[in-house]
Every structure is written in C-alpha cells, then in structure tokens.
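Descriptive analysis of the structure
Single-letter residue listing:
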Amino acid sequence: MSYVIANFFGNPALIGSLSLPAISFQLHTFPDGESLIRVEGSVKNKSIFLLTNLWHPNAKILDLVFAAETLREQGARSIILIAPYLPYMRQDTQFNAGEGITARYFAKLISNHFDGLITVDPHLHRVHQLSEIYSIPTKVVHAAPSISQWVKDHISNPIIIGPDSESEQWIKTLGQPYTVLHKNRKGDTNVEIIIPEKDKWENKTPVLVDDIISSGHTLIETCKLLKDPPVIIGIHGIFANNAYPVLLSFAKAVYTTNTIQHESNQLDIAPSIMQAIEDWMKK
Ligand code: R5P
C-alpha cells in the first residue's frame, strides 16, 4: 500500500521530521468567505496521513472536513487524521443543566469524515479511552518518554507536581517522585489549588507538569503556593490571551512539546508520532 503525508496547517517542525512523501493543499477563500480546497498531487489509491493543528478548532474544522472529503473525491483509499493536540476533550460531561457534551459531538464529526486518528495525550478524564466517543480506530502517542528524559537531563533532585487528579495519569509514568494537588475549578479563569502533602517535596526542585496550558490559571495558582518558582512543562501549550508571559513571570521556565507550535517548544514529539505512523502502516 502506498502512503503519503498531507499537511493541512500542521506544525512545520513536525512535518519536516515525518519521513513520508508529502502532498499539500491550496486553499482559496472567495470574497464571501466560503472556501475551496485543491489537492496538489495524485492521491488515487493512496492512504493519507493528514497532519493538522487543531488549536483554535472552530476556525479550522470546516476546511479540515472539506480537505478530507476532497481527498476522498480524488480517490484516496483511507484518510488518517494526525491531530497532535485533540481539542474538545474537556467538556466530557454535562456540568450544568442544558449544556451540550461537545467532546462527543466533536468525536462524532471527526469519526464521520476520517478513517482513523493519531493524537498525543488527549485529555482523558471522565472519558477513559477515545473509543468511548470515537467510532474510528485511534492511536495515542505519549509525551511521557520525552518529558522523562528532559527532566533526567536538566533537573537534579526533582519532584514532579501535577495540579489536579487527572494529571496523575501523565506524571506517574515519568519515573520520578511526584505529588498530585487538588483543583477546584470555579470558572474559565478562576481555579483554586490545594496542596495536600507539602512535606513530600521539601528540599526538592519543583517541576509542574500538566497536559494543557490554556488560560494558564491552573498553573499560575499552583505557582503562587510554591516557595520557589518551578520549571513548568506542558504537553499542549495553547496559551490563550497573554497566558505565556504571565505564567513566565511566576516560573523559572515554561516549556512545552511541539504538538502546538510556540516559542516555548522544547520537547520534540515528532519521533514518537513517526513511530505511531509506522505502527499504523504495519496494521
Ligand atoms: C484540565 O483539567 C487540564 O488538565 C488543565 O489543567 C487545564 O485545561 C488547564 O487550563 P487553564 O490553563 O485554563 O487553567
């Protein structure tokens, strides 16, 4: 079977490291705001890994669906979406009466237009596995090996701190002492953090690890409770509004993986994504 990678607004730092023949798209926007996608190159009978970047998903999702349908129209055999950051995983239940569960609706939309999904550490909390909401085959790439190596190489005597219960799934595999804090979220930018076991990390170097940095308030509130500014590692650095400079003012350093392109990218996830692609091709 022949495979190609198609870049649809994917992080250039990732696409350059994925060693597969590449095709690209031309996107034309008409004066009325509607768009037209053109595939450059032949995709007939090929399996496509479509790399995208779903940070700020609403602005991109319609064109992404159009790209998938255009590839299918041109004869692509299958289309596997590579979305290193998978959005809409946090509204995974109905928190208040009348709310929609967008994690499910987004999963349904992607499952309707793609034949598979590769992503990096999706926010699994009340949804325990992607297969609970995605009806297509999925593969999860973990950032833990890169984070673990980075901490070994750069931090002596670390204590990994996870700001909330769901962070335990990421930090417990890092092979370092860790502690998990309690979080009460009261609003989009209003969170309360409680430290239950302070004595566990006296005299150690705090390294705060979270999967998503969005408004930054989870980590800002955590930093305020620490004696010394920590090193912060986020898997997906969204940094809404001015979250990055504000967070930097509370921390020794803020680093992220390159699932979302940002100046804080320090941990390269490309080899792990390439491995996931190779495993997928062996199926
Ligand atoms: C949710 O629990 C996630 O793991 C993150 O802690 C959360 O998304 C961070 O959001 P923010 O930066 O807006 O506090």
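Residues numbered from 1 in each chain as written. Predicted model: local features only at pLDDT ≥ 70, side-chain atom pairs only at ≥ 80, totals over all residues. Heavy atoms only, no water.

Moving on, we come to the sheet that holds strand E15 (residues 265–267). The parallel open sheet is built from six strands, whose spatial order is E9-E8-E12-E13-E14-E15. Here the strands that pair on one side only, and so sit at the sheet edges, are strand E9 (178–180) and E15. Between one strand axis and the next, the sheet turns by 35° as a mean value, whatever way the strands run. Against the sheet, helix H4 (residues 144–154) engages strand E8 (158–162), strand E12 (205–213), strand E13 (231–237), strand E14 (253–257) and E15, with an angle of about 160° to E13. On the sheet, helix H6 (residues 217–225) packs against E12 and E13 and is oriented at approximately 165° with respect to E12. (Pairing = 2+ DSSP bridges. Helix = DSSP H or I, 4+ residues; strand = E, 2+ residues; numbered from the N terminus. Axes fitted to C-alpha atoms, helices over the stretch in contact; angles between N-to-C directions. Contact = heavy atoms within 4.5 Å.)

Turning next to the packing of aromatic side chains. With the rule as written, the count across this model stands at six aromatic pairs. Seen in terms of ring centroids, phenylalanine 8 and phenylalanine 9 are 4.8 Å apart; in terms of plane orientation they differ by 70°. Their pairing is edge-to-face. Note on phenylalanine 8: relative accessible area 3%, which makes it buried. Judged by relative accessible area, which is 45%, phenylalanine 9 ranks as partly exposed. Ring pairing ties together the aromatic residues Phe8, Phe9 and Phe25, which thus form one cluster. (Phe/Tyr/Trp six-rings, centres within 6.5 Å; stacked < 30°, edge-to-face > 60°. Buried < 20%, exposed > 50% of the residue type's maximum accessible area, 1.4 Å probe, protein only.)

Let's shift gears to the site of the ligand. Taken together, 15 residues lie near the ligand, and Glu166, Asp210, Asp211, Ser215 and Thr218 sit nearest. Here an oxygen atom of the ligand sits 2.7 Å away from a polar atom, N or O, in the side chain of arginine 90. A distance of 3.5 Å separates an oxygen atom of the ligand from a polar atom in the side chain of histidine 123. For the ligand, whose accessible area on its own is 370 Å², the fraction buried by protein is 95%. Of all the secondary-structure elements, those providing two or more residues to the shell around the ligand are strand E10 (182–187), E12 and H6. The biggest single contributor to the shell around the ligand is E12, with four residues. Per-class residue counts for the shell around the ligand are two nonpolar, six polar and seven charged. (Near = heavy atom within 4 Å. Polar contact = N/O pair within 3.5 Å; in protein donor to acceptor, adjacent residues only side chain to side chain. Areas by Shrake-Rupley, 256 points an atom, 1.4 Å probe, with all protein chains shown as cover. Nonpolar A, V, L, I, M, F, W, Y, C, P; charged D, E, K, R; others polar.)

What follows is about H4. Every buried residue belonging to H4 is among Ala144, Ser146, Ile147, Ser148, Trp150 and Val151, and all of these are buried. On its buried face, H4 is in contact with E8, E12, E13, E14 and E15.

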